[in-house]
Structure formats: structure tokens, C-alpha cells
Amino acid sequence: MARTRVRIPSLLALSAAALLLTAACGNSDPSTVDAARPQDGKPSVVVTTTWEGALAKAAGAEDIKVIVPQSVHHAPDYDPKPSDLAAVAKADFVLYAPFEPYAAKIKEAAGSKARLVEVELDNDPTKVSAEVGRLAGLFGTAEAATQWKTGFDTEYAKLNQELRAGWPGGRSPSVVTQVFTAWSAKLAGATPVGTYGPEAVTPAQLAELAAKKPELVLDNAHMSTGTVLPDSGAKQVKIVNYPGEDLDLLAVYRNAAAELKKAMGAS
């Protein structure tokens, strides 16, 4: 009897592959860093999305290939193409996030010698600085990363000051945030009174959040479930986490600041 091969894109299976492959690569072993670092100091880096790409660029990488197109709204749903595998085969590093299990599949299928690096995707400024510094240590680009972080700290402080100056009535607005947009509340100098997601808000959660009487709802543009608190009077702000094709991470903060200013009625 002829046996038919069936392709099963199981996230669970891919996640398991990711764990096995990460262990095989020994990512936590510092002794592997020098072996993975290219001798010319200019690593070839393949990243799953523009978010990882922006972190790599901030860390000092110049040769960066992004796998998932910006047109893909939910990156973990992406199905790698043969051209993606070809790019990975030539890379020194492959950057991915834990919720993107296809990264391990890409590297394994390509037979790449690249080092697989798990990246924490969170635009909290403290976490961003830590990731940029860590990646720079892997790439051998510490000087470029230090220069970027200096500019980042200056720009972030400026945006934070401008947002605080725009607080309605001179006081911090009360906000509810999606779990992956809490960083934008921090940018505005506001303390969240509640969070939701990534699952859809249940009736019980809706009642609980509405009782907090938030002025703003900071929604995740990439995982939106529609209006979170209808009829509550709260303004919903769309927060974008992913940088553009130019891999400019600072633009994410500028755009979030602009949306927050509009929502607070600032000029």
C-alpha cells in the first residue's frame, strides 16, 4: 500500500523542535559565543520579524534578513518558504521569539550552522537595553550598541517628558492595557489599573475592568479583539509593537507617543 506523507503544521510539535534544537545548540553556554561570531566582526543575521530585526540593528548588526513580511498580521501563523531556508543556510545567527516555533523548523530544515538565539520581545525600555547589550556581546558590536543606547535613552526621556506635560488636568490618566502593551503606559508615565489578553475579554473581566473607570485602553494592534470596553467612555488607543521595514525601533516609541497625545487631547 502506498504511504501518503501528510504535512502537519502542529505548533506543539514545532515548539518541541525548538526546545530540542535550542538545547542542541547550547545557547546558554558562553563557550559557544566566540565560535559563532564571524571573524570580520560583521555577522550575517536572519530574523523572523522586524521586531527581532530592529533589536539586531540596534545591537550593531548590518547584514539583516527579515523572514516574515510585514503584511503578515500575526507572525506565528507564517509558513516558511524555500527562499527563507536558503537565507538561513548562509546566516551566522538566527533570531526568534519563543512564540514563533517555526524559527527552529527554518534552521533545522536549512541545515544551517547558524546559532539560534531566543529573543525576548518586549518594548519595555529596560528589557530593550538588556537585549541590545546581550546581542551586541554575541555579535562583537558593543561599541555600536552603546552608541545606540545613548541615543535611545535621550529620545525615550524626551517622549516621556512630552507625554507627562500633556496629561489632562496635569494628572496621570488611568489606563487599561493589553498584556503586551504595558510598555506604552510606562512611556506615558501612567500606571495601569488593569490588564487583559492575550485571550478575548470575558464578561466577568469586562465588568471588572469597566469598574476601574479607565480613561484609556491601550490595545495591541497585532492581536486586537475589537473594542475592549464598549460604552465605558474610555478611549481605545492602537499600539503597534513591530517596527517598520527600516528596522527603526525608536519609531515604535514615537508612533505610540503620537497616538497617546491624540488620545489625551494634547497638541
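Residues numbered from 1 in each chain as written. Predicted model: local features only at pLDDT ≥ 70, side-chain atom pairs only at ≥ 80, totals over all residues. Heavy atoms only, no water.

Engineer: I keep staring at the sheet that holds strand S2 (residues 63-66) and nothing clicks. Help me out?
Structural biologist: Overall, parallel pairing links the four strands, which are arranged S2-S1-S3-S4 in an open sheet. Two strands lie at the open edges of the sheet, namely S2 and strand S4 (115-118), each paired on one side alone. Neighbour-to-neighbour, the strand axes of this sheet turn through a mean angle of 25 degrees, independent of strand direction. Alignment of strand S3 (residues 93-96) against S4, held across four bridges, turns out to be parallel. Residue pairing in the sheet places Leu95 in a bridge with Val117 of S4. Here helix H6 (residues 125-139) sits on the sheet and contacts strand S1 (44-47), S3 and S4; the angle it forms with S4, its principal contact strand, is near 170 degrees. (Pairing = 2+ DSSP bridges. Helix = DSSP H or I, 4+ residues; strand = E, 2+ residues; numbered from the N terminus. Axes fitted to C-alpha atoms, helices over the stretch in contact; angles between N-to-C directions. Contact = heavy atoms within 4.5 Å.)

Engineer: Explanation requested: empty space enclosed by the protein in the structure shown.
Structural biologist: Unoccupied space between atoms shows up once a probe the size of one water molecule is rolled over them. By the definition in use, this model includes one cavity of 30 Å³ or more. Considered as a void within the structure, the largest cavity measures approximately 30 Å³ in volume. In terms of lining, the largest cavity is formed by Gln178, Tyr196, Gly197, Pro198, Glu199, Asp219, Met223 and Thr225. Class assignment for the residues of the lining of the largest cavity results in three nonpolar, three polar and two charged. (1 Å grid on protein atoms, 1.4 Å probe; cavity = no way out; pocket = protein on both sides within 12 Å on 5 of 7 lines; lining within 4 Å. Points joined across faces, edges and corners; volume = space filled by probe spheres on them. Nonpolar A, V, L, I, M, F, W, Y, C, P; charged D, E, K, R; others polar.)

Engineer: I keep staring at the pattern of salt bridges and nothing clicks. Help me out?
Structural biologist: Any two side chains of opposite charge can pair, so long as their charged atoms come close to each other. Overall, the coordinates contain nine salt bridges when judged by the stated rule. Between Glu215 and Arg171 there is a salt bridge; the shortest N-O distance is 3.0 Å. Of this pair, Glu215 sits in the loop between helix H9 (203-211) and strand S7 (216-220) while Arg171 is found in the loop between helix H7 (142-165) and strand S5 (175-178), placing the two residues 44 residues apart along the sequence. Residue Glu215 is classed as partly exposed on the basis of its relative accessible area, which comes to 25%. Where Glu259 meets Lys262, a salt bridge forms, and the shortest distance between an N and an O atom there is 3.3 Å. (Salt bridge = Lys/Arg side-chain N within 4 Å of Asp/Glu carboxyl O. Buried < 20%, exposed > 50% of the residue type's maximum accessible area, 1.4 Å probe, protein only.)

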